[in-house]
Amino acid sequence: MFNPDIIKPENLVYEKTNVLTDAIMHYCPGCGHGTTHRIVAEVIEEMGIQDKAICIAPVGCSVLAYNYFNVDAIGAAHGRAPAIATAVQRMFPDRHTFTYQGDGDLAAIGTAETIHACNRGENIVIIFINNGIYGMTGGQMAPTTLLGMKTATSPYGRTVELNGYPLQITELLAELPGTYYITRQSVHTAAAVRKTKKAIRQAFENQKNKKGTSLVEVVSNCNSGWKMTPVEANKWMVENMFVKYPIGDIKVDGEKVKK
Amino acid sequence: MAKELKLMKGNEAIAEAAIRSGCDGYFGYPITPQSEVMEHLMIEKPWETTGMVVLQAESETSSINMVYGGAAAGKKVMTSSSSPGISLMQEGLTYLAGAELPALVVNVVRGGPGLGTIQPSQADYFQAVKGGGHGDYQMYVLAPASVQEMYDFVFLGWEIAFKYRNPVMILSDGAIGQVMEKLYVGPHIPRWTEEELRKNAPWASCGKPADRDHNIITSLDLDSAKQELHNHKLQAKYREMEEKEVLFEAINCEDAEYIFVAYGSSARIAQKAIQLGREKGIKVGLLRLITLFPFPKKQIAEFSKKVKGMLAVEMSAGQMVEDVRLAAEFRCPVEHFGRYGGIIHTPHEVLEALEEKIIKG
Ligand SMILES: Cc1ncc(C[n+]2csc(CCOP(=O)(O)OP(=O)(O)O)c2C)c(N)n1
Ligand code: SF4
């Protein structure tokens, strides 16, 4: 039962960070975008860098990220966020410019911008949401779509003959000397959220210390696009997505992690 | 302060003007016939003197988006390219216009279509003034006819770009880019300090102080009613430019019975053709367009009431001529002459065309 008497400062255990606005998020319930937004915002608050943070929002489901992050923001054309972030960060070297991008944005149309920003070692943070599908446009195939996976443009399942292989862009980026920190995380459990928060904190700390490019991939569900309930989607993600996209650090302090 | 005399290529003048006008960033990708812009900047190393950022991008798609980023953060940023590269930039240009961002883009035009040729051309007129990207938008388009104007229009470009929060294009061509001429350069104007930037561009996304709301730069509005309002605002801005910012030069027009309408290299050639014509007793003048958008509609309408005919001279198959005809509204004959595909017409050819197409008619 709701008891108004318990609403007292000393009973407060959790508060929405001021780095998120009060705008109501449009994300589907159970989607990883909302959770990841919150984590990024909390890290910005905890580091006291709200005045220095500049968000480059993508085209994709998170196109309206600029309405949710209570920081200065720039909406990019589809895939161009790393080029935009490059200019902003080079002109304001003491800021915290970060891009927030989906897999279509980062690994299909924006592949060149992504690879070259990483290869130049731009001092930016890239938050990369990999849900293996184009969420925003209605669930079409992404470069990251798994073999056999059904999407609106691979209705009989992705095949190598027709579509080639799922792109592990994160592993590819780790090969580039410009990248300093590359990790793959998820936000489907409380423990995973804690790890992702640590990773995102690490990425922004690296940026503060001018280490070069840090990228945090978050393997996430797109329950609407996958046509599953959120619970089913997370289960499917663990059983299938995590096989192709294993969770863990890929490159730390400029060194690839030995497996 | 005293002006300094220099001998430079048009492309180098652009680079020199960038440094001296307090430009914060240049982002480019090599392409003939404009590569000297970035080459000159790299030799000058302005990052060591004025603090200007210079970066070679991986493509024109990327360089225009770097410009978009810098502009969104309130900086004075620019790029330059030539026709095929400018085609690749169209996405960025419509985003700049939609998000109302000030920026300077130089097109040193070469012959097309496709990879075309590296020789001068004026066949990108439609792309520049009709909006090569999608949506209802306009750039402010300046057409320099000399190395001096390549230099001067960078300064003018910043002024207009920030006054209207709109991209400005300097539409040059391979001849003006490559030719060496003397020019006067002025003293360095310092780059804006962050305080000046925040004062002059309070809308910029460059970090949110505690005492203001977060700034958002975007061209998106999913609410069509709001997007229509935004379009109204853009159109009002373009009409204001048409009202206040038209630039042109009328040469030998007082007694003219015939008028050449031309810009850039073609205007220089037409000027010589005037001389040849007058030696033969043909009273011909030149309306040299300096802004292509806004287009000097009123001036052309006025002339069309007085003269016996106009010849639009341009190194294209006939693009600007359409706007001249629209402005002249059939009050006098308007014909087109131009060599194209990288060929530059001679003054004799221009005069001959006037005699054939208009005078004999
Ligand atoms: C140039 C261009 N091409 C296509 C689109 C249409 N489009 C919008 S979002 C999107 C895919 C987004 O997918 P992803 O980056 O994976 O993000 P998600 O929606 O899954 O979060 C596409 C193709 C566009 N806006 N611009
Ligand atoms: S469509 Fe997919 S990615 Fe987009 S909000 Fe819904 S679940 Fe998330």
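Residues numbered from 1 in each chain as written. Chains lettered and ligands numbered in written order. Predicted model: local features only at pLDDT ≥ 70, side-chain atom pairs only at ≥ 80, totals over all residues. Heavy atoms only, no water.

1. Quick word on the overall build of chain A
Okay, so step 1: Of regular secondary structure, chain A possesses 10 helices and 10 strands.
Okay, so step 2: For chain A, the C-alpha atoms occupy an extent of roughly 60 × 50 × 35 Å along the three principal directions.
Okay, so step 3: Per element, the accessible surface of chain A, about 11000 Å² overall, is 57% carbon and sulfur.
Okay, so step 4: Across chain A, the mean location of the 26 positive side-chain charges is 4 Å away from that of the 24 negative side-chain charges. (Helix = DSSP H or I, 4+ residues; strand = E, 2+ residues; numbered from the N terminus. Areas by Shrake-Rupley, 256 points an atom, 1.4 Å probe, with all protein chains shown as cover. Lys, Arg positive; Asp, Glu negative; His and termini not counted. Charge placed at Lys NZ, Arg CZ, Asp CG, Glu CD.)

2. As for helix H5 (residues 111–119) of chain A
Residues and elements named next belong to chain A.
Okay, so step 1: Among the residues of H5, those classed as buried are Glu113, Thr114, Ala117 and Cys118. Projected onto a plane normal to the axis of H5, the buried residues spread over an arc of 120° and lie on a single side.
Okay, so step 2: At the C-terminal side of H5, glycine 121 shows a positive phi close to 70°. (Buried < 20%, exposed > 50% of the residue type's maximum accessible area, 1.4 Å probe, protein only. Arc of directions from axis to C-beta.)

3. Concerning the pattern of salt bridges
Okay, so step 1: All chains considered together, the criterion is met by 43 salt bridges over all chains.
Okay, so step 2: Of the charged contacts, one joins lysine 197 of chain A and glutamate 42 of chain A as a salt bridge, the two residues approaching to 2.9 Å between their closest N and O atoms. Of this pair, lysine 197 of chain A sits in helix H8 (residues 190–208) while glutamate 42 of chain A sits in helix H1 (residues 32–47), placing them 155 residues apart in sequence.
Okay, so step 3: For glutamate 42 of chain A, a relative accessible area of 10% corresponds to the buried category.
Okay, so step 4: The salt bridge involving glutamate 355 of chain B is made with lysine 280 of chain B; its shortest N-O contact spans 2.9 Å. Of this pair, glutamate 355 of chain B sits in helix H14 (residues 347–359) while lysine 280 of chain B sits in the loop between helix H11 (264–279) and strand S12 (284–289), and the two are 75 residues apart along the sequence. (Salt bridge = Lys/Arg side-chain N within 4 Å of Asp/Glu carboxyl O.)

4. Let's talk about the site of ligand 2
Okay, so step 1: Inspection of the region around ligand 2 gives Tyr27, Cys28, Cys31, His33, Cys61, Asn131, Gly135, Cys222, Asn223 and Ser224 of chain A as its neighbouring residues.
Okay, so step 2: When its residues are assigned to classes, the shell around ligand 2 shows 5 nonpolar, 5 polar and no charged. (Near = heavy atom within 4 Å. Nonpolar A, V, L, I, M, F, W, Y, C, P; charged D, E, K, R; others polar.)

5. What to know about the side chain of threonine 170 of chain A
Residue and element names in this part refer to chain A.
Okay, so step 1: Relative to the elements of secondary structure, threonine 170 occurs in helix H7 (residues 169–174).
Okay, so step 2: Here threonine 170 falls in the buried class, since its relative accessible area comes to 1%.
Okay, so step 3: Setting aside residues no more than four positions away along its own chain, threonine 170 makes contact with Phe128, Ile182, Arg184, Leu215, Glu217 and Ile250. (Contact = heavy atoms within 4.5 Å.)

6. Some remarks on the interface of chain B and chain A
Okay, so step 1: Of the residues lining the interface, 36 residues belong to chain B; the matching set on chain A comes to 34 residues.
Okay, so step 2: Overall, the association of chain B and chain A removes approximately 2600 Å² of surface from exposure, summing both partners, and the carbon and sulfur fraction of that is 63%.
Okay, so step 3: Area buried by chain B at its contact with chain A is led by Glu58, Lys208 and His214 of chain B, which between them contribute 21% of it.
Okay, so step 4: At the junction of chain B and chain A, the tally comes to 4 salt bridges.
Okay, so step 5: Measuring nitrogen to oxygen at the nearest pair gives 2.9 Å for the salt bridge that ties arginine 120 of chain A to glutamate 58 of chain B. (Buried area = accessible area lost by both parts, 1.4 Å probe.)

7. Observations regarding the packing of helix H1 (residues 10–20) of chain B against helix H7 (residues 147–164) of chain B
Residues and elements named next belong to chain B.
Okay, so step 1: Contact pair H1 / H7: the axes reach a minimum separation of 8 Å and the direction vectors enclose 30°. Of the possible angle classes, the one that applies to H1 and H7 is roughly parallel. Crossing angle aside, the handedness with which H1 passes H7 is right-handed. Along its contact with H1, which presents Gly10, Asn11, Ala13, Ile14, Glu16, Ala17, Ala18 and Arg20, the element H7 presents Val147, Met150, Tyr151, Val154 and Phe155.
Okay, so step 2: Here the contact of H1 with H7 is built from residues that sort into 9 nonpolar, 2 polar and 2 charged. (Axes fitted to C-alpha atoms, helices over the stretch in contact; angles between N-to-C directions. Parallel < 35°, antiparallel > 145°, perpendicular 65-115°, else oblique. Left-handed = near helix turned anticlockwise from the far one by under 90°.)

8. Points about the site of ligand 1
Residue and element names in this part refer to chain A.
Okay, so step 1: Lining the immediate environment of ligand 1, one finds 16 residues, of which Cys61, Asp103, Gly104, Asp105 and Gly135 sit closest.
Okay, so step 2: Residue isoleucine 133 places a main-chain N or O atom 3.1 Å away from an oxygen atom belonging to ligand 1.
Okay, so step 3: Across the complex, the protein chains shield 76% of the 590 Å² of accessible surface that ligand 1 would expose by itself.
Okay, so step 4: Of all elements in the fold, only helix H4 (103–109) and strand S5 (133–134) reach the threshold of two or more residues within the shell around ligand 1. (Polar contact = N/O pair within 3.5 Å; in protein donor to acceptor, adjacent residues only side chain to side chain.)

9. Quick look at a nonpolar patch on the surface
Okay, so step 1: A surface patch of nonpolar side chains, amounting to about 380 Å² of accessible area, comprises Phe2, Ile6 and Ile7 of chain A.
Okay, so step 2: Of note, isoleucine 6 of chain A is situated in the segment before H1. (Patch = residues over 30% accessible without salt bridge, like charges linked within 9 Å, V, L, I, M, F, W, Y side chains within 5 Å.)

10. Details of the domain arrangement of chain B
Residue and element names in this part refer to chain B.
Okay, so step 1: Each assigned domain of chain B is listed here: domain 1 (4–195) and domain 2 (248–359).
Okay, so step 2: Averaged C-alpha coordinates put domain 1 and domain 2 at centres separated by 27 Å.
Okay, so step 3: Facing 28 residues of domain 1, the contacting portion of domain 2 comprises 26 residues.
Okay, so step 4: When the two sides are added together, the surface that domain 1 and domain 2 hide from each other amounts to roughly 2100 Å², 53% of it contributed by carbon and sulfur. (Domains from an automatic or database assignment.)

11. Structural notes on the pairing of strand S1 (residues 53–57) of chain A
Residues and elements named next belong to chain A.
Okay, so step 1: In terms of burial, S1 is a largely internal element, 5 of the 5 residues being buried.
Okay, so step 2: Neither face of S1 is open: one carries Ala53, Cys55 and Ala57, the other Ile54 and Ile56, and all of them are buried.
Okay, so step 3: Bridge count between S1 and strand S3 (residues 96–102): 4 bridges; the pairing is parallel. Residue isoleucine 56 lies in a different strand from S3, and its bridge partner there is threonine 99.
Okay, so step 4: Here 4 bridges tie S1 to strand S2 (residues 72–75), and the two strands are oriented parallel to one another. Looking at the pairing, isoleucine 54 lines up with aspartate 72 of S2. (Pairing = 2+ DSSP bridges.)

12. Topic: the sheet that holds strand S9 (residues 216–217) of chain B
Okay, so step 1: Reading across from one edge, S10(A)-S9(A)-S7(A)-S8(A)-S4(A)-S3(A)-S1(A)-S2(A)-S9(B) is the order of the 9 strands in this open sheet, with mixed pairing throughout. Two strands bound the open sheet, and with one partner strand each, they are strand S10 (255–256) of chain A together with S9 of chain B.
Okay, so step 2: Judged from the 2 bridges that link them, S2 of chain A and S9 of chain B form a sheet pairing that is parallel. Directly across from isoleucine 74 of chain A, in S9 of chain B, lies its bridge partner isoleucine 217 of chain B.
Okay, so step 3: Across the sheet, H8 of chain A touches S3, strand S4 (125–130), strand S7 (179–186) and strand S8 (213–219) of chain A, and the angle it forms with S7 of chain A is around 165°.

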